[in-house]
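Coordinate inspection notes
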Amino acid sequence: MNTRAAEWDRNTALSLGVVLAGLLLLYFPYLKTLLVDWETNDNYSHGYFIPLLSLYMVYSIRDRLKNLPVQPGYWGLVLILMGLGQLVIAKIGAEFFLQRTSFIVVLLGVILFFLGTKYFKALLVPVLYLVFMIPLPAVVWNKIAFPLQLFSSFLTEKVVSLLGISVFREGNILHLAETSLEVVDACSGLRSLVTMFALSAAFAWLQSLPVWKKWLLFFMAAPIAIFANIIRLTGTAILASRYGGDVAQGFLHEFSGMVTFFVGLGLLIGLSVLLGSPFRDPSVTIGTR
Amino acid sequence: MGQIVRSLIILLLFAATSVLLHATSSVTAVPIKKTLAEFPARIGQWRLIDSYLSSSDILEMLGVKDYIQYNYANPQGDQVNLYIGYYDAVGVTGSYHSPKNCLPGGGWGIAEVKKVPLQGDTNRGKPVTVAEMLIQNGSEYQVVLYWYQNRGRIIHSEYWEKVYLVLDALFKGRRDGSFVRIMMHVKDGDIQGTEEKATQFAEQVQVLLQDYLPGATI
């Protein structure tokens, strides 16, 4: 079967449709709670966009997908079994992250089992992209957020004192002449880091760039998020030194998150344009991945 | 093998998984041996001074079956806060909330995390280790000790707690467990002294608690 390429036929479409419906049915209880998370967990309010972006990624390569040969692969069955095993174990262990990510494993297994390696490779990134919609376990999140919080406070202290405002830092607290600011979890930069990675991954995928430039664009999300966050914290500190802590705290929690996001987005767009058109490598064909 | 056969195989696998998921969630709940409300009001030189009841919202969120939150004081005027929560089926009726997740929300940041050894023989003959956090809010500090006391084990790590939960649910059909947390304010910046007092208190608590919890065997 693997050697003889079959074409898309009615049976393939029908079988795949039924299996995908079954997959969604099986995972419904584990995925529906994601909606609650996106609404209540500020760190994952971008979650709504991820499935849509993933679908758009698939849509963007639809022409190529149509022409790929269907070569069902038995390794897909192994992947499906692994994913389902992960679901059962994660359910017993009451571990949400593993329950939800097992959906991605099973979905990849279904693609490999029904459509084969070529489709698996073509759809790997759009399917893996769904990981961005699943909140990290809180224990892991806090483990990363706390050092990032300290790092952000440290850098902000340097920038603020360079601007000639006297500041004294004690852990995550920035003491200014008039008031003190605490760099809390929300300003750790991890929130913008996750969102920036989700964005840069989509950018890297949708742009036709050489593979190394795609990876570069993807990983530049980290410095961009940190930079945007420093701007946010520094701006807040400047405001606090001028207009007092209350204004700054209000600003910090209402408005500056948006500023961070748009600064980051602008930098990402700038970078992808820079990596793209002016230095375009003529040997690159569109949609190499 | 045609696509239809493939889809039938997969649908059968999904159905089997669904049955398995239902079978594993109907693990029998193991009730606590003795209600925690009877936990001693005197522990060594510590005396119970007051107790809180959390609001029903919080209890519902925690899904806890039995719990106490007691404050003890010693003759030197130190105070220690003890929380014990018991779940008869972790992950089915409710689940632990690690202080690593909850505390930083309340203005308290984690300044240090480490493991501390305790004296005693409450961990199936293995050395007893619990988790310690030093938390900070401005210039104030608190020492927090916590551990999971489950099915005859003392576990300090959130990750190992999950591993044992899966193993015991699979092989013993048990998911009962308790979470214990001890908090003490640091007075006069004496972090080390506070750690020592909290550790000694913890050693007594985990031995006493063995009478209340179902052990390695029910």
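Residues numbered from 1 in each chain as written. Chains lettered and ligands numbered in written order. Predicted model: local features only at pLDDT ≥ 70, side-chain atom pairs only at ≥ 80, totals over all residues. Heavy atoms only, no water.

**Some remarks on the UniProt feature "transmembrane region" (unreviewed entry) in chain A**
Residues and elements named next belong to chain A. Under the UniProt annotation, "transmembrane region" (unreviewed entry) lies at residues 12-31, 43-61, 73-90, 96-115, 122-140, 189-209, 215-239 and 251-275. Along residues 73-90 the backbone is 89% helical and 0% strand, and the end-to-end C-alpha distance reaches 27 Å. Split by type, residues 122-140 is 53% helix and 0% strand. Its first and last C-alpha atoms lie 31 Å apart. (UniProt positions renumbered as here; feature names shortened; annotations may be inferred. Helix = DSSP H or I, 4+ residues; strand = E, 2+ residues; numbered from the N terminus.)

**Some details on helix 4 (residues 75-92) of chain A**
Given 3.6 residues to a turn, an α-helix orients residues that are three or four positions apart in the same direction. Taking 1.5 Å of rise per residue, 18 residues should cover 26 Å, and helix 4 of chain A covers 26 Å from first to last C-alpha, within 8% of that figure. Within helix 4 of chain A the residues assigned to the buried category are G76, L79, I80, G83, L84, L87, V88, A90 and I92 of chain A. (Expected span 1.5 Å × (residues − 1). Buried < 20%, exposed > 50% of the residue type's maximum accessible area, 1.4 Å probe, protein only.)

**Some remarks on the pairing of strand 3 (residues 66-73) of chain B**
Residues and elements named next belong to chain B. Across the 8 residues that make up strand 3, a large majority, 8, are buried. The alternating pattern of strand 3 places D66, I68, Y70 and Y72 on one face and Y67, Q69, N71 and A73 on the opposite face, and all of these are buried. As judged from the 4 bridges shared by strand 2 (residues 46-51) and strand 3, these two strands associate in the antiparallel manner. Note that in strand 3 the partner of D50 across the bridge is N71. With 8 bridges joining them, strand 3 and strand 4 (residues 79-87) adopt antiparallel strand pairing. Considered in strand 4, the bridge of Y67 is made with G85. Hairpin connection, strand 3 to strand 4: the antiparallel pair is bridged by 5 residues, and G77 has positive phi, about 90°. (Pairing = 2+ DSSP bridges.)

**Things to note about the pattern of salt bridges**
All names here are of chain A. If you walk through the whole model with that rule in mind, you get 10 salt bridges over all chains. With its nearest N and O atoms 3.1 Å apart, the salt bridge here joins E157 to R169. With a gap of 12 residues between them, E157 in helix 7 (residues 138-162) and R169 in strand 1 (residues 167-170) connect regions that are remote in the sequence. Taking the relative accessible area as the measure of exposure, E157 reaches 16% and is therefore buried. When its relative accessible area of 24% is taken as the criterion, R169 is described as partly exposed. (Salt bridge = Lys/Arg side-chain N within 4 Å of Asp/Glu carboxyl O.)

**Digging into the interface of chain B and chain A**
On the side of chain A, 36 residues touch chain B, which itself brings 31 residues to the contact. Of the roughly 3000 Å² buried where chain B meets chain A, counting both sides, 71% is carbon and sulfur surface. When the buried surface of chain B facing chain A is broken down by residue, Q3, F14 and L21 of chain B rank first, second and third, together holding 22% of it. At the junction of chain B and chain A, the tally comes to 0 salt bridges. Joining chain B to chain A, the criterion identifies 7 residue pairs in polar contact (both at pLDDT 80 or more). Considering each element in turn, the side of chain B that touches chain A owes the most residues, 15 residues, to helix 1 (residues 3-25) of chain B. (Contact = heavy atoms within 4.5 Å. Buried area = accessible area lost by both parts, 1.4 Å probe. Polar contact = N/O pair within 3.5 Å; in protein donor to acceptor, adjacent residues only side chain to side chain.)

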